[in-house]
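Results of the structural survey
Spelled out from the first residue to the last, the chains are:
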Amino acid sequence: PNLNQNLDINFDKGSNLDNLSGELKLKMFDSILLLNFSGKDNFVISKSYLRNKFLNSKIDGQISFKDPFTFSIDMGVNQINIKKLFKSYPLFQTGKISKKINGKLNVNIKTIETFIGKINDTNMQLNFQNGDLKINNIKSQLPFSSILDSNIILLLNNKKPKIEYDLKLSSENPEKLLRKFGIYDFNRKQATWYIKGIIDV
């Protein structure tokens, strides 16, 4: 009750101990997770979704409850509010991920509203590994004919957590893009930036 949660599982008529199938609906932390599942130890997830005040997404993939617990999920995000996400998601508040969460999440986000304008067609792969998070192959279409390619590693399972990153930003209209960051004295027609580093958090 302290989590304000509610769980309903409805099994199909043809479901049995060798092949479970049905629908799981979980309400927790003002979020609704609906999973259509079939399988036994390895479950196929289809036509499912996760919805809350900052995210509306579709979910398909596989979840294995064999030791260790793993998953491979494709998530298509129809709508996301980055500001509310950073304020609400526990990872950004505690800086920790459970070591028991291991698997990969392929994410496609159609549109993200930001202070520089709409960011379209963002694709990335999130790999959860023993308390660490690798965000690989981040690709986004930014405003002003700009493209972002990046990789980020959040090493949180250390005595001194840190973030390793590399980033490539290309723009065919860098003057207008940089104005959004308060830079007005850049007059090249095209530009590409490469950034690589480590942040000690």
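Notes on the structure in this doc start here. (Residues numbered from 1 in each chain as written. Predicted model: local features only at pLDDT ≥ 70, side-chain atom pairs only at ≥ 80, totals over all residues. Heavy atoms only, no water.)

**Digging into the environment of Ile109**
- Along the chain, the position of Ile109 falls in strand β7 (residues 102-114).
- Remark: the alpha-carbon pair of Ile109 and Asp200, spanning 91 residues in sequence, is separated by 28 Å.
- In this structure, Ile109 is in contact with Val77, Ile80, Asn120, Asp121, Thr122 and Met124, ignoring residues within four places of it in sequence. (Helix = DSSP H or I, 4+ residues; strand = E, 2+ residues; numbered from the N terminus. Contact = heavy atoms within 4.5 Å.)

**Considerations on unusual backbone geometry**
- Despite not being glycine, Asn130 shows a phi value in the positive range, around 50°.
- Relative to the helices and strands, Asn130 is located in the loop between β8 (117-129) and β9 (132-142).
- Judged by its relative accessible area of 46%, Asn130 falls in the partly exposed class.
- Positive phi, close to 50°, is recorded for Asn137, a residue that is not glycine.
- Among the residues examined, Asn137 registers a relative accessible area of 52% and is labelled exposed. (Buried < 20%, exposed > 50% of the residue type's maximum accessible area, 1.4 Å probe, protein only.)

**Brief notes about the nonpolar core**
- Residues Ile45, Val77, Leu126 and Leu133 are the most contacted members of the largest nonpolar core, which totals 34 residues.
- Broken down by element, this core gets its largest block of residues, five residues, from strand β6 (residues 70-80).
- Filtering out sequence-adjacent residues up to four positions away, Leu126 remains in contact with Gly103, Lys104, Leu105, Val107, Leu133, Lys134 and Ile135. (Core = buried A, V, L, I, M, F, W, Y, C linked by side-chain atoms within 4.5 Å.)

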